[in-house]
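# Structural overview
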Amino acid sequence: MSAVRVGLLGLGVVGAGTVSVLTRNAHEITRRAGRDIDIVKVLARDPRKARALAWPKERLTTDAGSVLDDPTIEVIVELMGGLEPAREYVLRAIRAGKHVVTANKALIAIHGNEIFAAARESGVVVAFEAAVAGGIPVIKTLREGLAGNRIRGVAGIINGTSNYILTAMRERGVEFDAALREAQALGYAEADPHFDIDGIDAAHKLTILASIAFGIPLKFDQVSVEGIRTLESADIVYADELGYRVKHLGIARRMARGIELRVHPVLIPHRRLIANVDGVMNAVLVHADAVGSILLHGPGAGAEPTASAVVADIIDVVRTLTTDPQWRVPHLAFQPDALSDGPILGMADVESAYYLRCEALDRSGVLADITRILADLEISIEAILQKAPAPGADHVPVILLIHKVREAKVDQAIARITGLAAITGPIRKLRVETFD
Ligand code: NAP
Ligand code: HSE
């Protein structure tokens, strides 16, 4: 049988990793796919760029049309990133009857509903395993391995760059900016790292996970998003003293009143496996009714770990080339006409435990004032810690752990405590997840 001809859009970190894996493991891959896979054309922006990967010049182009309009190409692998022209190229490929593999979570989270509708119309596959958690096969696990379950929730460390930065700050005392530069040099960060550190990349991935877990349309604009930029080293240190690690999590949970979709830093008890997932590693915890809880762990970014997922998708597509479209696994796990559309809860309606830190004047009665405000609002305190003042300072850090409560109530308490004359500066609020 002739080789499957593939067009690659993008020869950056993941593009080059994909070519390397396909080349190095060609024999093994053909044994699995049943056909040879041949990358016949590669699109890039700058033909003169020095590349670590030796790639024949005659197979490199800056003309998207020469890849997208080539009738002999059956599969397009989009590894350019960004929304445009990636969206335009993917839709053009789909309308030309080509299957698509992509690692572009922004594209799927924001334009996935349109892309999957176009793919259904053209009877082609759009595969996107590499879009979530790099090398961890989490999409396949949720969509196929757990297909018999009612999934209750998914929580994960799903941005490798943020986890790398938090780990470098805690373990090596590296400053935030220096840790980010390291992550960029290692090829983990997005072209615009603001997507990583402000939680947007994690929100893209959570959008996709929630859709596949619960059978809902992709709803990126309804995710509550906070990143790690405003975290202070002091909170990482105090959390450690209290027995917690600070991690950046994406959480999607089915609640009685609706679905929680949120991305933010949280404190997790040291004893939990997910609290010990460090560096660029990602981990996704799934709670489902039949299987119980499972934790998927592995590298969340980087050239070859991501290429591992891209190549698996290419092999899947090659295997399905002869399958009738109606017998293929649905893009979002559930049949397209069976997606449900419940409410998504805003942060004010989320229930969580909390860590609060404020700076208070070192005088009597301050703690009593704070605890009175919490008692008036029926907020229960789990632990309270007052640190010694820094040399020469007249104020002390006060740290409170409070039991599970609606976020709207905590915000009310914070507003009242901030109004006390003895409180200097803003109150830091972090959510706590014990996974009990
Ligand atoms: P990258 O290193 O910046 O590579 C992007 C590639 O696309 C480059 O080769 C670039 O060409 C080409 N390109 C970009 N815009 C183009 C345009 N308008 N026309 C033609 N070529 C264009 O990015 P990456 O890190 O490989 O990421 C690619 C995708 O994978 C993104 O969607 C990202 O979110 C996703 N992803 C990345 C990782 C990771 O660890 N890096 C992990 C999972 C998913 P030049 O080389 O000529 O500049
Ligand atoms: N920038 C992303 C991250 C790449 O750091 O997780 C993997 O999706």
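Quick note: structure is the one above.
Position numbers for residues start from 1 in each chain and track the written sequence from start to end. Chains and ligands are labelled sequentially in the order written, the chains with letters from A and the ligands with numbers from 1. Under the rules for a predicted model, residues below a pLDDT of 70 receive no local features and side-chain atom pairs below 80 are neither given nor counted, while totals for whole chains, interfaces and linings still include all residues. Side-chain figures throughout are based on the complete set of non-hydrogen atoms in the structure, without hydrogens or water.

### Quick notes on the overall build of the protein
- For the protein, the count of helices and strands is 14 helices and 17 strands.
- Here the protein has a C-alpha radius of gyration of 24 Å; the compact-globule value for 436 residues is 22 Å, and the two agree.
- Oriented by its inertia axes, the alpha-carbon framework of the protein measures out at about 80 × 50 × 35 Å.
- Each residue gets one of three labels from its accessible area relative to the maximum for its type: buried under 20%, exposed over 50%, partly exposed in between, using a 1.4 Å probe on protein chains only. Out of the 436 residues belonging to the protein, those deemed buried represent 53%. Counting from the N terminus, the helices are the DSSP runs of H or I reaching at least four residues and the strands are the DSSP runs of E reaching at least two. In this setup the radius of gyration rests on C-alpha atoms only. A globule is expected at 2.2 Å times the number of residues raised to 0.38.

### Examining the site of ligand 2
- The criterion for a residue being near a molecule or strand is simple. One of its heavy atoms has to lie within 4 Å of it. Taken together, Lys105, Asn159, Gly160, Thr161, Tyr188, Ala189, Glu190, Asp196, Asp201, Lys205, Gly300 and Ala301 make up all the residues around ligand 2.
- Whenever a nitrogen or oxygen atom comes within 3.5 Å of another N or O atom, the pair is scored as a polar contact, on the condition that within protein one atom can donate a hydrogen and the other can accept it, and that pairs from neighbouring residues in sequence are kept only if both atoms are in side chains. For ligand 2, an oxygen atom lies 2.5 Å from a polar atom in the side chain of Lys105.
- Between an oxygen atom of ligand 2 and a side-chain N or O atom of Thr161, the distance comes to 2.6 Å.
- Accessibility throughout is a Shrake-Rupley quantity obtained with a 1.4 Å probe, and a residue counts as covered only by protein chains that appear here. Protein chains shield 94% of the accessible area of ligand 2, which is 250 Å² for the free molecule.
- In this analysis the probe radius is 1.4 Å and the grid spacing 1 Å, with only protein atoms considered; a cavity is a set of points the probe fits into but cannot get out of, a pocket is an open set with protein on both sides within 12 Å along at least five of seven lines, and lining residues have an atom within 4 Å of a point. Just a note on the criterion: a molecule sits in a pocket or cavity if more than half of its atoms are within 2 Å of the grid points. When each cavity is represented as a set of grid points, ligand 2 is found to reside in the largest pocket.
- Sorting the residues of the shell around ligand 2 by element identifies helix H7 (160-172) and helix H10 (200-214) as the ones contributing at least two each.
- The class makeup of the residues in the shell around ligand 2 is 3 nonpolar, 4 polar and 5 charged. When residues are sorted by character, Ala, Val, Leu, Ile, Met, Phe, Trp, Tyr, Cys and Pro go into the nonpolar class, Asp, Glu, Lys and Arg into the charged class, and all the rest, Gly among them, into the polar class.

### Examining the pattern of salt bridges
- Whenever a carboxyl oxygen of Asp or Glu lies within 4 Å of a side-chain nitrogen of Lys or Arg, that contact is scored as a salt bridge. Counted by the stated rule, this structure contains 40 salt bridges.
- The salt bridge partner of Asp201 is Lys105, with a shortest N-O separation of 2.9 Å. Placement of the pair is Asp201 in helix H10 and Lys105 in helix H5 (residues 105-122), with a sequence separation of 96 residues. Neither Asp201 nor Lys105 differs from the other in exposure class; each is buried.
- Salt bridges sharing partners connect three or more residues here, namely Glu226, Glu407, Asp411, Lys429 and Arg431.

### Remarks on the layout of surface pockets
- Grid points are joined across faces, edges and corners, and a volume is the space filled by probe spheres set on the points. Here the largest pocket defines a volume of roughly 1200 Å³.
- If you go around the largest pocket, you meet 50 residues; those closest to its centre are Leu79, Met80, Gly81, Gly82 and Ala191.
- Per-class residue counts for the lining of the largest pocket are 21 nonpolar, 17 polar and 12 charged.
- Mapping the lining of the largest pocket onto the domain boundaries places at least three of its residues in each of domain 1 (4-135 + 303-338) and domain 2 (138-299).
- Taken together, 29 residues line the second largest pocket, and the ones lying closest to its centre are Pro325, Arg328, Val329, Pro330 and His331.
- Contributions of two or more residues to the lining of the second largest pocket are made by H5, strand E6 (126-127), helix H6 (138-145) and helix H12 (303-320).
- The residue inventory of the lining of the second largest pocket, partitioned by class, reads 15 nonpolar, 7 polar and 7 charged.
- Composition of the lining of the second largest pocket by domain shows at least three residues from each of domain 1 (4-135 + 303-338) and domain 2 (138-299). Domain start and stop points were drawn from an automatic or database domain assignment.

### Re the nonpolar core
- Buried residues of nine kinds, namely Ala, Val, Leu, Ile, Met, Phe, Trp, Tyr and Cys, make up a nonpolar core once their side-chain atoms join them within 4.5 Å. One finds Ile94, Phe128, Val138, Ile151 and Ile208 to be the most contacted residues of the largest nonpolar core, which totals 58 residues.
- Summarising the domain contributions, this core has at least three residues from each of domain 1 (4-135 + 303-338) and domain 2 (138-299).
- Any two residues whose heavy atoms approach within 4.5 Å at even a single point are treated as in contact. Ignoring any residue separated from it by four or fewer positions in sequence, one finds Ile151 in contact with Leu142, Leu146, Ala213, Phe214, Arg254, Val286, His287 and Ala288.
- Residues Val6, Leu11, Leu53 and Ile315 belong to the second largest nonpolar core, which totals 33 residues.

### A short note on the site of ligand 1
- Residues in contact with ligand 1 amount to 24 residues; listed here are only the nearest, Leu11, Asp46, Lys105, Glu190 and Gly302.
- In this structure, Gly187 approaches ligand 1 through a main-chain N or O atom, which is 3.0 Å from a nitrogen atom.
- Most atoms of ligand 1, that is more than half of them, are within 2 Å of grid points of the largest pocket.
- Looking at the shell around ligand 1 residue by residue, the class counts come to 11 nonpolar, 7 polar and 6 charged.

Read these as geometric descriptors, not functional statements.
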